[in-house]
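Structural description and commentary
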Protein chains: 2
Amino acid sequence: MSLLEQLIEAFRVLPGVGRKTAQRMAYHVLERGRDGGRDLSRVLAEAVERIGHCSQCRDFSETEVCAVCASGGRDRQVLCVVESPADRLAIETATGYRGLYYVLQGRLSPLDGIGPRELGLEALATRLAAGEVGEMIVATSATVEGETTAHYLAQLARQHGVRPSRLAQGLPLGGELEYVDRGTLSHAFGSRAEMPR
Amino acid sequence: MSLLEQLIEAFRVLPGVGRKTAQRMAYHVLERGRDGGRDLSRVLAEAVERIGHCSQCRDFSETEVCAVCASGGRDRQVLCVVESPADRLAIETATGYRGLYYVLQGRLSPLDGIGPRELGLEALATRLAAGEVGEMIVATSATVEGETTAHYLAQLARQHGVRPSRLAQGLPLGGELEYVDRGTLSHAFGSRAEMPR
Ligand SMILES: [Zn+2]
Ligand SMILES: [Zn+2]
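The structure contained in this document is the topic of the report that follows. Only a predicted model underlies this, so the values are computations on that prediction, with no experimental measurement involved. (Residues numbered from 1 in each chain as written. Chains lettered and ligands numbered in written order. Predicted model: local features only at pLDDT ≥ 70, side-chain atom pairs only at ≥ 80, totals over all residues. Heavy atoms only, no water.)

Let us look at the pairing of strand S3 (residues 75-82) of chain B. Residue and element names in this part refer to chain B. Bridge count between S3 and strand S4 (residues 99-103): five bridges; the pairing is parallel. Across the sheet, Asp75 pairs through a bridge with Gly99, a residue of S4. Taking the sense of rotation as the criterion, the β-α-β connection linking S3, helix H5 (residues 85-94) and S4 turns out right-handed. By the bridge criterion, four bridges tie S3 to strand S5 (residues 135-138) in an arrangement that is parallel. Among the inter-strand pairings, Leu79 is bridged to a residue of S5, identified as Met136. (Pairing = 2+ DSSP bridges. Helix = DSSP H or I, 4+ residues; strand = E, 2+ residues; numbered from the N terminus. Right-handed = clockwise from strand over helix to strand, strands pointing away.)

Below you can see the structure in the form of structure tokens.
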């Protein structure tokens, strides 16, 4: 396989990139973006090796504890649980939230073999048991699996005397939190309510 | 800037990739595609350094002369002139063409400073003058600049006693050749006609 063919195939690791798009990317880089291509290659290699997960919140981090968890300026009594790093970033960008996060890196999906262990819920339980957290904001998506996960998390919170809350209705039904517009997300975040039993 | 931020920015060198898509790409590679990310980094670095242009047809090539130009199995009396490597690939894939190619790497656009020199038309003229080529298929796009380029190329061909032909009408007006479906392209290629004076 020629180097050009290899490059086209390699681009297909990216999400939503089929054969035709991969080909356009390869040609574009070779025609007009060789410097950018060099940068991408270097940063990508470094990122894949060096970016791991924060030991406290499971978000992506280059350091053992991420900048948010290590910050002295965050409210440690509020913990916002999200499905993914993208969701964490969306909330951090759209709202004025100043508490901490916990990133599940997924949501409960027994059929796919994703249970409490895969989402790090034992570590989360240990953290809730430590007593520092007063409110847990459950910011999982408004999908069926997101709701299932939310109910599981609410029970876990109550077991440890922590008050669970959920983002206000207003998220589009079935919507992935990551793609919600800023205004809707900010409003829903602000009007979160304690979860009914 | 964190390594993750650097990675997101680096992905934006790719065509059509804005901030949001770049972010999805970075997260996807870190979550599910680290091996693929390593491959992409390695192949990209190698491709950017090693892929140059064929000295005969100006298409991308790792070697001084590309595989098509070096092949003993092609008809050297027919030369197909295309705007880009993507167009060359589209013709090679969709049609049964077995002649040679010449890749302009652009089209005449005086306002953008792209003239005959930038498209390598001096080297093309030298080649036509050598007498081996009998027919030159002008496969530039059906855009205004593509038509201008086609007429310029037809004159050049006739000056050297070479018969210019143009892909049959049937290409959608204003359409980029690269995005035409296989059937249309193959039909238009097959019913090419000599260009009127
Ligand atoms: Zn953290
Ligand atoms: Zn060649």
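Residue and element names in this part refer to chain A. Taken together, Cys54 (SG), Cys57 (SG), Cys66 (SG) and Cys69 (SG) make up the protein donors of the zinc ion (ligand 1), found 2.3 Å from the metal. Metal-centred angles of 105 to 117° between the four donor atoms at the zinc ion (ligand 1) mark the site as tetrahedral. In primary-sequence terms, the residues that donate to the zinc ion (ligand 1) follow C-x2-C-x8-C-x2-C. One end of the pair, Cys57, is in the loop between strand S1 (52-53) and strand S2 (60-61); the other, Cys69, is in helix H4 (residues 67-70), with 12 residues separating them in the sequence. (Donors = N, O, S within 2.8 Å, 3.2 Å for Na, K, Ca; no water. Tetrahedral: all angles 85-135°; square planar, octahedral: opposite > 155°, others 65-115°.)

What follows covers the interface of chain B and chain A. Each side of the interface is counted separately: chain B has 45 residues, and chain A has 46 residues. Taking both sides of the interface into account, the surface hidden between chain B and chain A amounts to around 4,700 Å²; carbon and sulfur atoms contribute 71%. Our enumeration of links across chain B and chain A arrives at two salt bridges. For Glu49 of chain A, the salt bridge identified is with Arg38 of chain B, shortest N-O distance 2.6 Å. In this assembly, chain B and chain A are joined by 11 residue pairs in polar contact (both at pLDDT 80 or more). Where the side of chain B that touches chain A is concerned, the elements lending two or more residues are helix H1 (3-11), helix H2 (19-32), helix H3 (34-50) and H5 of chain B. Of the residues forming the side of chain B that touches chain A, the biggest block, 14 residues, is contributed by H3 of chain B. Looking at the side of chain B that touches chain A residue by residue, the classes come out as 25 nonpolar, 10 polar and 10 charged. (Contact = heavy atoms within 4.5 Å. Buried area = accessible area lost by both parts, 1.4 Å probe. Salt bridge = Lys/Arg side-chain N within 4 Å of Asp/Glu carboxyl O. Polar contact = N/O pair within 3.5 Å; in protein donor to acceptor, adjacent residues only side chain to side chain. Nonpolar A, V, L, I, M, F, W, Y, C, P; charged D, E, K, R; others polar.)

Now for the relation of the copies chain B and chain A. Mapping between the two copies of the chain is achieved by a rotation about an axis and a shift along the axis. Mapping chain B onto chain A calls for a rotation angle of 180° and an axial translation of 0.0 Å; the resulting RMSD is 0.1 Å. On the angle and the small slide along the axis, the relation comes out as a two-fold axis. Taking C-alpha positions as the reference, the residue of chain B nearest the rotation axis is Ser41 of chain B, at 2.1 Å. In this assembly the copies share their binding face: 100% of the residues contributing to the interface of chain B also contribute to that of chain A. (Least-squares fit on C-alpha atoms with pLDDT ≥ 70 in both.)

Right, let's talk about the side chain of Thr95 of chain A for a bit. Residues and elements named next belong to chain A. Structurally, Thr95 is set in the loop between helix H5 (85-94) and strand S4 (99-103). In terms of polar contacts, Thr95 uses its side chain to reach the backbone carbonyl oxygen of Ile91, at 2.8 Å. At a separation of 3.2 Å, a polar atom in the side chain of Thr95 contacts the main-chain amide nitrogen of Tyr97. Dropping the residues within four chain positions of it, Thr95 is found in contact with Leu185, Ser186 and Phe189.

The next point concerns unusual backbone geometry. The backbone phi angle of Arg58 of chain A is positive, close to 70°, even though this residue is not glycine. In this structure, Arg58 of chain A sits in the loop between S1 and S2. In this structure, Gln105 of chain B takes a positive phi of about 60° despite not being glycine. Note on Gln105 of chain B: relative accessible area 25%, which makes it partly exposed. (Buried < 20%, exposed > 50% of the residue type's maximum accessible area, 1.4 Å probe, protein only.)

Interpretation note: all reported values are geometric properties and have no functional meaning in isolation.
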